[in-house]
Amino acid sequence: MARVTLRDRLTRTNHDVTLTPCRGTEPDDFLVEIAGESIEVRISGSAGKGVIRINGRPLPFYAVRREDHLEVWLDGSRYQFEVEGKRRRRRSHGAVDEPSDEVRAPMPGSVLKVSVSPGDSVEANQPVAVLESMKMELTLNAPRAGKVAAVDCAVGQMVEMGRVLVRLEPAGNDDSSSTEQ
Amino acid sequence: MFNKILIANRGEIALRVMQTVQQMGIRAVAIYSDPDRAARHARNADESYPLHGVAAAETYLNIEKIIEIARSCGADAVHPGYGFLSENAAFAQACIDAGLTFIGPSPAAMRAVGEKLIAKKTASAAGVPTVPGWSGDENASSDQWLSEAKKLGYPVLVKAAAGGGGKGMRRVATADELPAAVEQAAREAKSSFGDGRVFLEKYISRPRHVEIQVFADHHGNAVHLFERECSIQRRHQKIIEEAPSPAMTPELRQRMGEASVKLVREIGYTNAGTVEFMLDENGEFYFLEVNARLQVEHPVTELTVLHDLVRAQILVAAGERLPFTQDELFQHGHAIECRIYAEDPASGFLPSTGVIDMYVEPRGASIRVDSGIETGSEVSIHYDPMLAKLIAWGRTRDEAIARMRWALRKYVVLGVTTNIEYLHRILEEPDFVAGHCDTHYLEHHKIEKLPDAGRLKEALIAAAWASTFGASQSESPVARSSVLPSRLSWSPWLSGSWRNGE
């Protein structure tokens, strides 16, 4: 029996799936428990390619895994999951699921414009900076409503990917009496 | 005929040109940057040579390097593809000076059409209808701009004379927006094209983008190969094209075709080119510009007109006559092309980078895929995020649409986010199916940008099974310093807006 917890990247919800091989029938038969249901499923395949059959109806799929990141193509759509349980808390850019206090450069480039200063109140998605790279302009927005704690870049400056450009005061800490320098 | 052609490009167009070159029995030479050393175009050529570098400026845009490779490997002609140096008159001239044949128009013809204002004047002089406008003046006062705009009638469009791809362009609805718009457009044009001149045009609402494929040889023959419609655009980037245009009538087609051929003769243009027009709601057409190259969307012409346009380019460049006369050309059936981009519609169409861990193209009768990628290809920020072109042909437009929908649902790309599901939704839109398109289609139709999670349960089961038993393990490293990890395209703080230059 295998039990896996998968986190759907799109909705950021966890799903528990239990697969139990059914002994005595076809080697590819499993009893699947998912979302409170028990379903008989036949799955076969290898090297990232397979077919899943529920009630006789076959659905081809492809699956690729890269560390804890699992991608599945099925019936014309792509799904992205994280395998939970073995998930390491990663401090790298992008694995953050909660709204962050930081606005980081998503790619190397030069700072074209900064439209906030320390002490400013910002709304969620309000533009805070513009980065330029590869003939493209990227407007960076505040990840949530809050107060700007610091601006760690200057117009014209070249920044590397991941560099923090603007910091917000930690959430719940942005009343006007506290100003962090 | 040439013995050896160097293809000064990469990706899908390099492969597509290479196919014709090799089919004609000519040796194909590829050039490749460092990241492209294992790319399909580098591997499929008869000879391939390194460019030693990463960014386009040091590789596919480096005229000296390319000419040197062409000379030292004994190539006798160069095909520039599209983008990169394909419309660079200095490159075309450098080829000629080095004793190489440039497969495309002459440097003079390129210059004649490269500058939009000059092209517009030439078109007008040739009797081709143009959009009412004012050519602008760097020394003009605000008042003069305002008075010219008033004559045209709002809304007006401020456009860059040396521009393209929407850069240096601003739509202005009222007089008080005009001075700032002119200033911003000029600044953007200066920084993107090195030329800050801007001009005014009347803004045509709900225009359709209809272009005519033209071809001319060095024997005085010039023809048109009918039209393509490219109205489905996102921020001035075409994403769906088709031939014929659903808005065309035989009479309009003939008038536009004849006007295009007349312009070609007027300029003395040779080889392949495209004359772009706007078609308004009343069936009036207006000249936009001439593209002095083979276009991305040329396959929809090839599949309906049944001629290999790259082959025709090579023949013309080698001094032979056009392999078709106007009387021999006809349109057969309907073709639609969808451009597959590595981008994430759900997060503002940000480019998605990473390694393509799984790639399976749809295959079938009347399905064509022009692609430069494969499983294991790396998609980086250095080059255009277009991965492939998917083209479907049908006897009717409805049949082409049905085949395209089928093909999009069979297309497997894992490892980067693509616009495949987004394209599928456009193909299901009633207005698109009815042929009611204009260049603002995507602004006026709300199209779901999130991926379709209709089979989440089955996908979860497949994922659970794969994680325990049988997923394909990706072997290449997750992140390299020059590559944007694909997970970033989903990060919640990466909610910025992205504008892409041509």
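Residues numbered from 1 in each chain as written. Chains lettered and ligands numbered in written order. Predicted model: local features only at pLDDT ≥ 70, side-chain atom pairs only at ≥ 80, totals over all residues. Heavy atoms only, no water.

J.: Where do I start with the overall build of chain B in this structure?
T.: Tallying secondary structure elements over chain B gives 16 helices and 25 strands in all. Relative to a compact globule of 502 residues, whose C-alpha radius of gyration would be 23 Å, chain B shows 23 Å and is just as compact. Overall, the C-alpha framework of chain B stretches about 70 × 55 × 45 Å when taken along its three principal axes. Per-residue burial over chain B gives 61% buried out of 502 residues. Taking the intrachain contacts of chain B between residues at least 6 apart in sequence as the baseline, contacts between residues at least 24 apart amount to 66%. Accessible area for chain B stands at about 18,900 Å²; split by element, carbon and sulfur atoms hold 48% of it. Taking the average location of the 54 positive side-chain charges in chain B and that of its 64 negative ones, the two points are 2 Å from each other. (Helix = DSSP H or I, 4+ residues; strand = E, 2+ residues; numbered from the N terminus. Rg over C-alpha atoms; globule rule 2.2 N^0.38 Å. Buried < 20%, exposed > 50% of the residue type's maximum accessible area, 1.4 Å probe, protein only. Contact = heavy atoms within 4.5 Å. Areas by Shrake-Rupley, 256 points an atom, 1.4 Å probe, with all protein chains shown as cover. Lys, Arg positive; Asp, Glu negative; His and termini not counted. Charge placed at Lys NZ, Arg CZ, Asp CG, Glu CD.)

J.: Quick question: what am I supposed to make of the packing of aromatic side chains here?
T.: The description of two aromatic rings rests on the distance between their centres and on the angle between their planes. Residue and element names in this part refer to chain B. Overall, the coordinates contain 12 aromatic pairs over all chains when judged by the stated rule. The interplanar angle of 80 degrees and the centroid separation of 5.9 Å between the aromatic rings of Tyr-60 and Tyr-383 together place this pair among those described as edge-to-face. Taken together, the positions of Tyr-60 in the loop between β3 (47–50) and α3 (63–73) and Tyr-383 in the loop between β21 (378–379) and β22 (386–394) put the pair 323 residues apart, joining distant regions of the chain. Each member of the pair, Tyr-60 as well as Tyr-383, carries the same accessibility label: buried. Of the aromatic side chains, those joined through ring pairs into one cluster are Tyr-60, Phe-84 and Tyr-383. When the ring centre of Tyr-203 is taken as origin, the NZ or CZ atom of Arg-171, which lies over that ring, is 4.6 Å away. Above the ring of Phe-349, the side-chain terminus of Arg-234 is found at 3.8 Å from the ring centroid. (Phe/Tyr/Trp six-rings, centres within 6.5 Å; stacked < 30°, edge-to-face > 60°. Lys NZ or Arg CZ within 6 Å of the ring centre and 35° of its normal.)

J.: Just checking my understanding: could you explain the confidence of the model for chain A for this structure?
T.: The predicted coordinates of low-pLDDT regions are not to be read in fine detail. When pLDDT is averaged along chain A, the result is 81, and 82% of the positions lie at 70 or above. In this model, residues 87–97 of chain A is a region of pLDDT below 50 whose contacts with residues beyond four sequence positions or in other chains number 26 contacts. (pLDDT = per-residue confidence, 0-100.)

J.: Looking at this structure, how should I read the packing of helix α1 (residues 11–23) of chain B against helix α11 (residues 309–317) of chain B?
T.: When two helices pack together, their arrangement is given by the angle between the helix axes and the distance between those axes. Residues and elements named next belong to chain B. The interhelical angle for the contact between α1 and α11, taken along N-to-C directions, is 60 degrees, at an axis separation of 9 Å. Here α11 runs oblique to α1, going by the angle between their axes. Helix-helix and strand crossings are classified by hand; for α1 and α11 the assignment is right-handed. Within the contact between the two elements, α1 uses Arg-16, Val-17, Thr-20 and Val-21 and α11 uses Leu-309, Val-310, Arg-311 and Ile-314. Partitioning the contact of α1 with α11 into residue classes produces five nonpolar, one polar and two charged. (Axes fitted to C-alpha atoms, helices over the stretch in contact; angles between N-to-C directions. Parallel < 35°, antiparallel > 145°, perpendicular 65-115°, else oblique. Left-handed = near helix turned anticlockwise from the far one by under 90°. Nonpolar A, V, L, I, M, F, W, Y, C, P; charged D, E, K, R; others polar.)

J.: Where do I start with the nonpolar core in this structure?
T.: Soluble, globular proteins show a tendency: their nonpolar side chains are buried together. Residues and elements named next belong to chain B. Residues Phe-215, Ile-232, Ile-239, Ile-240, Leu-408, Ile-426 and Phe-432 are the most contacted members of the largest nonpolar core, which totals 69 residues. For Ile-426, the contacting residues outside a window of four places in its chain are Ile-232, Ile-239, Ile-240, Phe-432, Leu-442 and Ile-447. Counting 53 residues, the second-largest nonpolar core is a separate cluster that includes Leu-6, Ile-66, Ala-75 and Ala-92. (Core = buried A, V, L, I, M, F, W, Y, C linked by side-chain atoms within 4.5 Å.)

J.: Honestly, the pairing of strand β12 (residues 237–243) of chain B in this entry has me stumped. Any pointers?
T.: Moving residue by residue along a regular strand, the side chains alternate between the two faces of the sheet. Residue and element names in this part refer to chain B. In terms of burial, β12 is largely enclosed, as seven of its seven residues are buried. As paired strands, strand β11 (residues 222–234) and β12 are joined by four bridges and run antiparallel to one another. Residue pairing for β12: Ile-232 is matched across the bridge by Ile-240. Counting the residues between successive antiparallel strands, the hairpin from β11 to β12 contains two residues, one of them, Arg-235, with a positive phi of roughly 50 degrees. Pairing between β12 and strand β15 (residues 334–341): four bridges, direction antiparallel. Opposite Ala-243, over in β15, you have Ala-335 as the bridge partner. (Pairing = 2+ DSSP bridges.)

J.: Whenever I open this one, the pattern of salt bridges confuses me. Can you help?
T.: Pairing between side chains becomes possible if they bear opposite charge and their charged atoms approach one another. Residue and element names in this part refer to chain B. In the structure shown here, the tally under the stated rule is 44 salt bridges over all chains. A salt bridge links Arg-397 to Glu-242; the shortest N-O distance between them is 2.7 Å. Placement of Arg-397 in helix α12 (residues 397–410) and of Glu-242 in strand β12 is noted, with a sequence separation of 155 residues between them. Across the pair, exposure class does not vary: Arg-397 and Glu-242 are buried alike. A salt bridge links Arg-255 to Glu-251; the nearest nitrogen and oxygen atoms lie 3.0 Å apart. Taken together, the residues Arg-255 and Glu-251, both in helix α9 (residues 250–267) and four residues apart, mark about one turn of the helix. Looking at Arg-255, the relative accessible area reads 36%, which means it is partly exposed. Overlapping salt bridges bring together Glu-211, Arg-228, Lys-238, Glu-241, Glu-276, Glu-297 and Arg-339 as one network. (Salt bridge = Lys/Arg side-chain N within 4 Å of Asp/Glu carboxyl O.)

J.: Even after reading the chapter, I still don't get the side chain of B:Arg16, so can you show me in this structure?
T.: All names here are of chain B. Mapped onto the fold, Arg-16 is located in helix α1. Engagement of the side chain of Arg-16 in a polar contact is seen with the side chain of Asp-308, the distance being 2.9 Å. In this structure, Arg-16 is in contact with His-298, Glu-302, Asp-308, Leu-309, Val-310, Arg-368 and Asp-370, ignoring residues within four places of it in sequence. (Polar contact = N/O pair within 3.5 Å; in protein donor to acceptor, adjacent residues only side chain to side chain.)

J.: What am I meant to see in helix α13 (residues 420–428) of chain B here?
T.: Within an α-helix, residues lying three or four positions from one another point in the same direction, as the helix has 3.6 residues per turn. Of all nine residues that make up α13(B), eight are buried, and the element is covered over most of its length. The set of residues buried in α13(B) consists of B:Ile420, B:Glu421, B:Tyr422, B:Leu423, B:His424, B:Arg425, B:Ile426 and B:Leu427.

J.: Is there a simple way to think about the sheet that holds strand β1 (residues 4–7) of chain B in this case?
T.: Whether parallel or antiparallel, the strands of a sheet pair through hydrogen bonds between backbone atoms. Residue and element names in this part refer to chain B. Ordered by their spatial adjacency, five strands build an open sheet running β3-β2-β1-β4-β5, and the pairing between neighbours is parallel. Pairing within the sheet leaves two strands with one partner each, and these edge strands are β3 and β5 (101–102). Pairing between β1 and strand β4 (residues 77–79): three bridges, direction parallel. The residue bridging Leu-6 from the neighbouring strand is Val-78, located in β4.

J.: For this particular structure, what's the right way to read the sheet that holds strand β16 (residues 164–168) of chain A?
T.: Residues and elements named next belong to chain A. Strand order in the open sheet formed by four strands is β9-β16-β14-β11, and the pairing between neighbours is antiparallel. Whereas interior strands pair on both sides, the edge strands pair on one side only; in this sheet they are β9 (102–104) and β11 (121–122). In terms of strand pairing, β11 meets strand β14 (residues 146–151) through two bridges, oriented antiparallel. The residue of β14 that forms the bridge with Val-122 is Gly-146.

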